[in-house]
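Commentary on secondary and tertiary structure
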Amino acid sequence: MLVLNNVEVMYSEVILALKGITLAVQPGTCVAILGGNGAGKSTTLKAVSGTIESEDGEVSGGSITFEGERIDGLDPAEVVRRGLVHVMEGRRVLRHLTAEQNLIVGGHLAPGAAELRRRLDRVFSFIPPLGGLRERTAGYLSGGEQQMLVIGRAMMAVPKIMLIDEPSLGLAPMMVQDVFALLARLKAEGTTLLVVEQNSRVALELADHGYVMENGRVVLEGTADELRRNEDVREFYLGMTAEGERKSYREVKHYRRRKRWLG
């Protein structure tokens, strides 16, 4: 459904942020992109949605195809029309508008008022907490409520595939469970998901397949079950240096090679 083939992204014609990313997303599945800060995860989603150009970036190499057609270089609005919607990191609600008005903005491509109302009713039915918040100003909602709102706003475009960047960031554990339960329901109803997430545990519970990124490259991929059982992945996320810092994947591999060499 979505294929990135050897994609490179350049910022300001100087900084090479993605260095030959190749990944694929099958229809009806969830794919997780894992990795630490600065790995290139968010840049990958922005390259797919076309929003990279707003940050003086460009896809400088490779190709991105959606349902068999090239989409790299398309205007972001055209990408949305084709059925691909990007929920960006940071819960970017329109803070001065109500929750319902935020949803209406997300449904601006709906062909007529009746269809817009049908989509609103579906979102309120699918995410019941939003029904009680419809007249609340979005900027005053809690972080978890805002995250559900931006997912609901993306639903208003009736996407074939939803790109979701760091849905658990800054949320309490109970709200993280609620947000991922919502994503699981979307997947069960047939929406394809590409999720960027630092919380590997919850991401791999939802995902069918995963990619681990570091320094703009994919360093490992596999099914969610394979990644959950992979010792390198476990240590990549759970292992800490003596100074309390998270180890890099490269450090973990070097450590394992050295341990095997020492016997």
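Residues numbered from 1 in each chain as written. Predicted model: local features only at pLDDT ≥ 70, side-chain atom pairs only at ≥ 80, totals over all residues. Heavy atoms only, no water.

With respect to the secondary-structure elements, Ile104 resides in helix α3 (residues 99-106). For the pair Ile104 and Arg153, spaced 49 residues apart in sequence, the C-alpha to C-alpha distance is 7.6 Å. Once you skip the residues sitting within four places of it in the chain, Ile104 turns out to touch Leu116 and Leu120. (Helix = DSSP H or I, 4+ residues; strand = E, 2+ residues; numbered from the N terminus. Contact = heavy atoms within 4.5 Å.)

The element strand β8 (residues 192-196) is largely enclosed, with a buried count of five among its five residues. Residue alternation in β8 divides its side chains into two sets, Thr192, Leu194 and Val196 and Leu193 and Val195, and both sets are buried. Pairing geometry for strand β3 (residues 30-34) and β8, over four bridges, is parallel. By the bridge assignment, Cys30 is partnered in β8 with Leu193. Looking at chain direction, strand β7 (residues 161-165) and β8 are connected through five bridges and run parallel. Bridging from a neighbouring strand, Ile164 pairs with Val195 of β8. Read as a crossover between parallel neighbours, the route from β7 over helix α7 (residues 173-188) to β8 is right-handed. (Buried < 20%, exposed > 50% of the residue type's maximum accessible area, 1.4 Å probe, protein only. Pairing = 2+ DSSP bridges. Right-handed = clockwise from strand over helix to strand, strands pointing away.)

Here the focus is the sheet that holds strand β1 (residues 2-11). Remark on secondary structure: sheet strands pair via backbone hydrogen bonds, oriented parallel or antiparallel. Taking strand neighbours across the sheet as the criterion, the four strands line up as β2-β1-β4-β5 in an open arrangement whose pairing is antiparallel. The two strands at the open ends of the sheet, each matched to only one other strand, are β2 (15-25) and β5 (69-70). One ladder, built from two bridges, connects strand β4 (residues 57-66) with β5; its direction is antiparallel. When the sheet's bridge partners are listed, Thr65 is paired in β5 with Arg70.

Attention now moves to the packing of aromatic side chains. By the definition in use, this model includes zero aromatic pairs. Its guanidinium or amino end placed over the ring of Phe126, Arg122 lies 5.5 Å from that ring's centre, counting from NZ or CZ. Looking at Arg185, its charged tip hangs above the ring of Phe126, at a distance of 5.3 Å from the centre. (Phe/Tyr/Trp six-rings, centres within 6.5 Å; stacked < 30°, edge-to-face > 60°. Lys NZ or Arg CZ within 6 Å of the ring centre and 35° of its normal.)

In the contact formed by α3 and helix α4 (residues 113-126), the axes pass within 10 Å of each other and the chain directions differ by 125°. In terms of their interaxial angle, α3 and α4 are classed as oblique. Pair α3 / α4 crosses with right-handed handedness. Between α3, through Glu100, Leu103 and Ile104, and α4, the contact on the second element is made entirely by Leu116, Arg117, Leu120, Val123 and Phe124. (Axes fitted to C-alpha atoms, helices over the stretch in contact; angles between N-to-C directions. Parallel < 35°, antiparallel > 145°, perpendicular 65-115°, else oblique. Left-handed = near helix turned anticlockwise from the far one by under 90°.)

Here eight bridges tie β1 to β2, and the two strands are oriented antiparallel to one another. Across the sheet, Tyr11 pairs through a bridge with Ile15, a residue of β2. With antiparallel pairing between neighbouring strands as the criterion, β1 and β2 make up a hairpin whose turn holds three residues, including Ser12 at a positive phi of roughly 55°.

Look at α3 against helix α6 (residues 143-155): their axes get within 7 Å of each other, and the N-to-C directions meet at 35°. Between α3 and α6 lies a crossing of right-handed hand. Each of Ala99, Asn102, Leu103 and Gly106 in α3 lies in contact with α6, whose residues at this interface are Leu149, Gly152 and Arg153.

At Glu13, a position not held by glycine, the phi torsion is positive, near 60°. A positive phi angle, near 55°, is found at Asn215, a position not held by glycine. Position of Asn215 relative to the elements: it lies in the loop between β9 (209-214) and β10 (217-223). Judged by relative accessible area, Asn215 falls into the partly exposed class, the value being 42%.

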